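An overview of the molecular structure
The chain contents come next:
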Amino acid sequence: MILVTGGAGFIGGNFVLDWLKRPVSEAIVNLDKLTYAGNLATLSSLRDDARHVFVHGDIGDKALVSKLLNEYQPRAIVNFAAESHVDRSIHGPTEFIQTNIMGTFNLLECAREYWGALSADGQKQFRFHHVSTDEVYGSLSATDPAFSETNSYEPNSPYSASKAASDHLVRAWFHTYGLPVVTTNCSNNYGPYHFPEKLIPLVILNALNGKPLPIYGDGQQVRDWLYVGDHCSAIREVLAKGVLGETYNIGGWNEKPNIEVVKTICQILDELKPRTDGKSYAEQITFVKDRPGHDRRYAIDAGKIERELGWRPAETFDTGIRKTVQWYLDNPAWVEGVVSGSYRDWLQKQYS
Ligand code: NAD
Ligand code: TYD
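Note that the coordinates shown come from a computational prediction; the quantities given were computed from them, not determined experimentally.

For the rest of this paragraph, the subject is the site of ligand 1. Near ligand 1, the surroundings consist of 29 residues, among which Ile-11, Asp-32, Ser-84, Tyr-159 and Lys-163 are the closest. Between ligand 1 and Phe-10 there is a distance of 3.0 Å, counted from an oxygen atom to a backbone nitrogen or oxygen. Tyr-159 is positioned such that a nitrogen or oxygen atom in its side chain is 2.7 Å from an oxygen atom of ligand 1. In isolation ligand 1 has 830 Å² of accessible area, and contact with the protein removes 97% of it.

What follows is the structure, encoded as structure tokens:
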């Protein structure tokens, strides 16, 4: 049994589905608060699967987390739960401090108490895997080398600052209390079940709905795109073989400026679902006001995880983005469920 937090979100949901697809997978207790980003429809295929126990709740709830640990005796915790959207953190940082910092602190404390009471064997097996972001390292210039695990932390947004704080707590719980932790810092993920406030799903859905495709600033900001299935396989690798107290950067080796990403999506849609007027979806591209404090470039040096654990992403950007666009075309029911929710209010606040 493992305890996954935030397993109704984008990456956590993919992780749970991938984990349970494997033949000899352990069961999962999935603790999720179901914020606007949590979506049980992502997990609907597991409704009758006894290996998945969903628990609606907050990682900051000490009584609940302790109860789950004692009841299910997981051999690992994988912490995905977070507020994850930079633009939301700019509009209102409170929840980011609450969940990303205080929530992680609570999980660590509950884990420490639980781990301290395990048998020597149980203690040796236990892992606390903290999922974090490359955004903690700040912004790169066009010529800087990619982020390695030894880069200093220079977070620039309320989101990245809250994740940086959580990483520091995890590190300290290892050094001070000996809690067996591993941390992974990954680049921008994309793929199925991605909430359409983030660039790639937003562009796919806006394109199909005849809406503008908003590009912040000049569109030359660079992100290093990682297919979510690759991220999930990397986490499984680190959970199985990662050295305690270490951090591992996970990236896709796919640096792309935003404008190129958007144009690629338009080209794929032009091919798979052409506009009825025969024009390209690229006609919908609209440059809008830039994000305050917008980081210029993120890039991950994923050499350590390759050298030490033998992991490399399976997808290139070309294969991953095609699969992703196809998934959104093939899953209108999931999309409709999301789009009819609070997403609308958010869109209006962000782009009006
Ligand atoms: P997401 O926003 O899609 O999902 C977050 C999930 O956490 C949701 O299901 C939400 O309901 C849940 N949650 C939020 N607050 C909670 C709380 N207090 N208690 C329990 N559950 C709570 O996020 P994501 O994109 O799946 O990201 C998962 C993790 O990966 C996050 O820690 C994020 O910082 C990190 N990360 C994401 C990306 C990316 O590109 N999406 C990149 C790097 C790192
Ligand atoms: P996003 O998906 O929000 O991820 P992050 O901010 O964590 O990198 O944004 C990816 C990039 O796309 C980022 O440089 C901001 C930009 N962007 C746009 O240009 N337009 C948009 O509507 C959104 C949501 C993002």
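Moving on, we come to helix 7 (residues 199–208). Extensive coverage of helix 7 is indicated by the burial of 8 of its 10 residues. Within the sequence span of helix 7, burial applies to Ile-200, Pro-201, Leu-202, Val-203, Ile-204, Leu-205, Asn-206 and Ala-207. Immediately beyond the C-terminal end of helix 7, within one or two residues, lies Gly-210, with a positive phi of roughly 70°.

If you check the backbone angles, Gln-73 has positive phi at about 50° while not being a glycine. With respect to the helices and strands, the residue Gln-73 is situated in the loop between helix 2 (62–72) and strand 4 (76–79). Looking at Gln-73, the relative accessible area reads 45%, which means it is partly exposed. Backbone geometry at Tyr-193 places phi at a positive 65°, although glycine is not the residue there.

Close approach of charged atoms lets side chains of opposite charge pair. Applying the stated rule across the entire model yields 19 salt bridges. Put simply, Arg-75 and Glu-26 hold a salt bridge, and the shortest N to O gap is 2.7 Å. Taken as a pair, Arg-75 in the loop between helix 2 and strand 4 and Glu-26 in the loop between helix 1 (10–21) and strand 2 (28–32) lie far apart in primary sequence, 49 residues in all. Owing to a relative accessible area of 24%, Arg-75 belongs among the partly exposed residues under this scheme. Classification of Glu-26 by relative accessible area gives partly exposed; the value is 25%. It is possible to trace a salt-bridge network through shared partners that takes in Lys-33, Asp-58 and Glu-95.

Our next topic: the side chain of His-231. Tracing the sequence through the fold places His-231 in helix 8 (residues 228–241). In contact with His-231, not counting residues within four places along its chain, are Ile-11, Val-131, Cys-186, Asn-189, Leu-226 and Ile-250.

Quick look at the pairing of strand 1 (residues 2–5) now. Residues Ile-2 and Val-4 line one face of strand 1 and the alternating positions Leu-3 and Thr-5 line the opposite face, and both faces are buried. Where strand 1 and strand 2 come together, 4 bridges link them in parallel fashion. Considered in strand 2, the bridge of Val-4 is made with Asn-30. In this region the chain leaves strand 1, passes through helix 1 and returns to the parallel neighbour strand 2; the handedness of that crossover is right-handed. Pairing between strand 1 and strand 4: 4 bridges, direction parallel. The residue of strand 4 that forms the bridge with Val-4 is Val-78.

With that settled, consider the sheet that holds strand 5 (residues 127–133). Taken in spatial order, the 7 strands of this open sheet run 3-2-1-4-5-6-11, and their pairing is parallel. The sheet is open, and its two edges are formed by strand 3 (52–56) and strand 11 (247–250), each paired on a single side. Averaged over neighbouring strand pairs, the angle between their axes works out to 20° when direction is ignored. The sheet contact formed by strand 6 (residues 181–186) and strand 11 spans 4 bridges and is parallel.

In the contact formed by helix 1 and helix 8, the axes pass within 9 Å of each other and the chain directions differ by 70°. Between helix 1 and helix 8, the crossing angle belongs to the class labelled roughly perpendicular. Considering the relative orientation of helix 1 and helix 8, their crossing is right-handed. Each of Phe-10, Ile-11, Asn-14, Phe-15, Asp-18 and Trp-19 in helix 1 lies in contact with helix 8, whose residues at this interface are Val-228, Gly-229, His-231, Cys-232, Ile-235, Arg-236 and Leu-239.

Attention now moves to the pairing of strand 6. For strand 6, a buried count of 6 out of 6 residues is recorded, marking the element as mostly surrounded by other parts of the structure. Read from strand 5 through helix 6 (residues 158–177) to strand 6, the crossover connection turns out right-handed.

Parameters and conventions
- Residue numbers run consecutively from 1 along every chain, following the written order of its sequence.
- Note on labels: chains are lettered from A, ligands numbered from 1, in written order.
- Reporting in this predicted model follows two pLDDT cut-offs: at least 70 for local features of residues, and 80 or more for side-chain atom pairs to be given and counted; totals over whole chains, interfaces and linings ignore these cut-offs and use all residues.
- To get the side-chain values, take all heavy atoms of the structure and skip hydrogens and water.
- Whether a residue is near a molecule or strand is decided by its heavy atoms; if any one of them lies within 4 Å of it, the residue is near.
- Identification of polar contacts relies on pairs of N or O atoms within 3.5 Å, with a donor-acceptor requirement for protein atoms, meaning one able to donate a hydrogen and the other able to accept it, and with residues adjacent in sequence counted only if both atoms are side-chain atoms.
- The method behind every accessible area is Shrake-Rupley, applied with a 1.4 Å probe, and residues are considered shielded solely by the protein chains displayed.
- When a residue's accessible area, from a 1.4 Å probe over protein chains only, is under 20% of the maximum for its type it is buried; when over 50% it is exposed; and in between it is partly exposed.
- Working definition: helices are DSSP H or I runs of at least four residues, strands are E runs of at least two. Numbering for both runs from the N terminus.
- Within this document, salt bridges are pairs made up of a side-chain nitrogen of Lys or Arg and a carboxyl oxygen of Asp or Glu, the two lying within 4 Å of each other.
- Residue contacts follow a heavy-atom distance rule, with two residues in contact if any of their heavy atoms lie within 4.5 Å.
- Here, strands pair whenever DSSP counts at least two bridges between them.
- When the strands point away from the viewer, a crossover counts as right-handed if the path from the first strand over the helix to the second runs clockwise.
- Think of each axis as a best-fit line through the C-alpha atoms, taken over the contacting stretch in the case of a helix, with angles from 0 to 180 degrees between the N-to-C directions.
- Oblique is the label for every angle not falling under 35 degrees (roughly parallel), over 145 degrees (roughly antiparallel), or within 65 to 115 degrees (roughly perpendicular).
- Note: crossing handedness is left-handed where the near helix turns anticlockwise from the far helix by less than a right angle, and right-handed where it turns clockwise.

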